[in-house]
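Summary of the model geometry
Chain by chain, the residues:
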Amino acid sequence: MAQPLLYNFDSLLITGVLFLLIIVMNELGFHIGRFVQHTTDSEVKTLTGSIQGSILGLLALLLGFTFSMSMQRFDGRSEALIAEANAIGTASLRVQLLPEEFRAEANALLASYVDMRIGIGKIDLSHAAERNSYNRDIAALQGKLWGLAVAATNTDPRPVTSGAFVNSLNEMIDSQGKRNALQQMRVPEVVLWLLFVVFIASGGMLGYSSGLSGKRVVAPTVMVSFLIAMIVFIIIDLDRPKRGLIKVDQSSLLSLQEAVPKSEAAEGAGVESY
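Below you will find a few notes about this structure. (Residues numbered from 1 in each chain as written. Predicted model: local features only at pLDDT ≥ 70, side-chain atom pairs only at ≥ 80, totals over all residues. Heavy atoms only, no water.)

**With respect to the overall build of the chain**
Scanning the chain from terminus to terminus reveals nine helices and zero strands. Sequence-ordered secondary structure for the chain, helices as α and strands as β, is α-α-α-α-α-α-α-α-α. Whereas a compact globule of 274 residues would reach a radius of gyration of roughly 19 Å, the chain reaches 27 Å, over 25% beyond that. Each of the 274 residues in the chain was classed as buried or not, and the buried ones make up 45%. A separation threshold of at least 6 residues defines the contact pool for the chain, and within that pool the share at least 24 residues apart is 87%. For the chain, the exposed surface amounts to about 14,000 Å²; the carbon and sulfur share of it is 63%. (Helix = DSSP H or I, 4+ residues; strand = E, 2+ residues; numbered from the N terminus. Rg over C-alpha atoms; globule rule 2.2 N^0.38 Å. Buried < 20%, exposed > 50% of the residue type's maximum accessible area, 1.4 Å probe, protein only. Contact = heavy atoms within 4.5 Å. Areas by Shrake-Rupley, 256 points an atom, 1.4 Å probe, with all protein chains shown as cover.)

Here's what the structure looks like:
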């Protein structure tokens, strides 16, 4: 799946360039305001102040709206990971309900599955080839687990034994699909571009208003621009699964590495550990 244009650039770089553009636009607006200061009457200056307040209000609205969108998506990815870890854990526990001859192989396959889900969770979404390789291996493991479940059901068709394992395995596969889908759900790039445009326009309007008044307010303008740029950075970073500084905690999956039997089962079943 093709990634949006902004996803190809580091979030710190985007924020830094955005902040510099704000400062440049503020300076440009100030000089334009100074140039037309003596030909602008008081009514126009008052109207300019009202327009400035409206743009800043629009910026605040967009910041709140976009932050909420990115936070919801981050929370969704976190909840999906926990749900997947719980589904894998349930499947691991229900292995004990299978006929004895299937348990070692099932444990080995689940142990390898956990390792691969942790491994792919560390790979940037932009590394398509590496992720596709992992996904093929994961799909192959799911096929082996499903084949094992079918064989176990043929041996023991009772719903409270093999049937319970089949249900948990189905839930595990569904949770993996849901988590993959949520990783592709991000704030629409057009919303981010609109936020950037309004941010830059507000910087220019602040400078223009200062130019009309003939008084430069450097420190407050720079401080406000910096703080807003930091909020934009958080929005972008939250919206970048496996890419930014803020990442979904994988401790739920990591704890399964100790909970799911691995070494002896893997040796007995001949399953490769990833």
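From this point, things continue past the structure.
**Some remarks on empty space enclosed by the protein**
For the coordinates displayed, the defined rule picks out one cavity of 30 Å³ or more. Taken as a whole, the largest cavity holds about 40 Å³ of empty space. Around the largest cavity sit I22, L56, F199, S202, G203, L206, V224, S225 and I228, which together line it. Within the residue set of the lining of the largest cavity, elements represented by two or more residues are α6 (189–213) and α7 (218–238). Grouping the amino acids of the lining of the largest cavity by side-chain chemistry returns six nonpolar, three polar and no charged. (1 Å grid on protein atoms, 1.4 Å probe; cavity = no way out; pocket = protein on both sides within 12 Å on 5 of 7 lines; lining within 4 Å. Points joined across faces, edges and corners; volume = space filled by probe spheres on them. Nonpolar A, V, L, I, M, F, W, Y, C, P; charged D, E, K, R; others polar.)

**Considerations on the packing of aromatic side chains**
Taken as a whole and judged by the stated rule, the model has two aromatic pairs. Between F19 and F226 the ring centres are 6.1 Å apart and the planes differ by 85°, which places this aromatic pair in the edge-to-face class. Taken as a pair, F19 in helix α1 (residues 11–36) and F226 in helix α7 lie far apart in primary sequence, 207 residues in all. With a centroid separation of 5.9 Å and an interplanar angle of 80°, the aromatic rings of W193 and F196 are classed as edge-to-face. Of this pair, W193 and F196 both sit in helix α6, three residues apart, which is roughly one turn of the helix. (Phe/Tyr/Trp six-rings, centres within 6.5 Å; stacked < 30°, edge-to-face > 60°.)

**Some words on a nonpolar patch on the surface**
A grouping of L5, F9, L13, V17, L21 and W193 is seen on the molecular surface, where their side chains present a nonpolar patch of about 540 Å² in accessible area. With three residues, α1 is the largest single contributor of residues to the nonpolar patch. (Patch = residues over 30% accessible without salt bridge, like charges linked within 9 Å, V, L, I, M, F, W, Y side chains within 5 Å. Salt bridge = Lys/Arg side-chain N within 4 Å of Asp/Glu carboxyl O.)

**Quick look at the packing of helix α2 (residues 42–94) against α7**
When two helices pack together, their arrangement is given by the angle between the helix axes and the distance between those axes. The geometry of α2 relative to α7 is characterised by a closest axis approach of 8 Å and an angle of 30° between their N-to-C directions. Accordingly, the angle class assigned to the pair α2 and α7 is roughly parallel. α2 and α7 meet at a crossing whose hand is left-handed. Facing L59, L63, T66, F67, S70, M71, F74 and R77 of α2, the residues of α7 in contact are I228, I231, V232, I234, I235 and L238. Tallied by class, the residues present in the contact of α2 with α7 amount to eleven nonpolar, two polar and one charged. (Axes fitted to C-alpha atoms, helices over the stretch in contact; angles between N-to-C directions. Parallel < 35°, antiparallel > 145°, perpendicular 65-115°, else oblique. Left-handed = near helix turned anticlockwise from the far one by under 90°.)

**Observations concerning the nonpolar core**
Across soluble globular proteins, nonpolar side chains have a tendency to be buried as a group. Grouped together as the largest cluster of nonpolar side chains are 30 residues, with contacts concentrated most on L98 and M172. Where this core is concerned, the elements lending two or more residues are α2, α3 (100–120), α4 (128–155), α5 (162–183) and α8 (251–259). The element best represented in this core is α3, accounting for ten residues. I22, L192, I200 and A229 belong to the second-largest nonpolar core, a separate cluster that totals 22 residues. (Core = buried A, V, L, I, M, F, W, Y, C linked by side-chain atoms within 4.5 Å.)

**Digging into the environment of I228**
Topologically, I228 is positioned in helix α7. Spatially, the C-alpha atoms of I228 and R131 are 34 Å apart, while their sequence positions differ by 97 residues. The residues contacting I228, other than those within four sequence positions of it, are L59, L63 and F199.

**Comments concerning the environment of T46**
Within the secondary structure, T46 is located in helix α2. For T46, a relative accessible area of 53% corresponds to the exposed category.

**Describing the environment of R240**
Here R240 is to be found in the loop between α7 and α8. Given the relative accessible area of 4%, R240 is considered buried. Setting aside residues no more than four positions away along its own chain, R240 makes contact with L6, Y7, F9, D10, S11, I14, R77 and I246.

**What about the pattern of salt bridges?**
In this structure the tally under the stated criterion is three salt bridges. The salt bridge partner of E84 is R117, with a shortest N-O separation of 2.7 Å. With E84 in helix α2 and R117 in helix α3, the pair connects residues that are 33 residues apart, well separated along the chain. When sorted by exposure, E84 lands in the same class as R117, which is buried. Connected through shared salt-bridge partners, E84, R117 and R179 make up one network.

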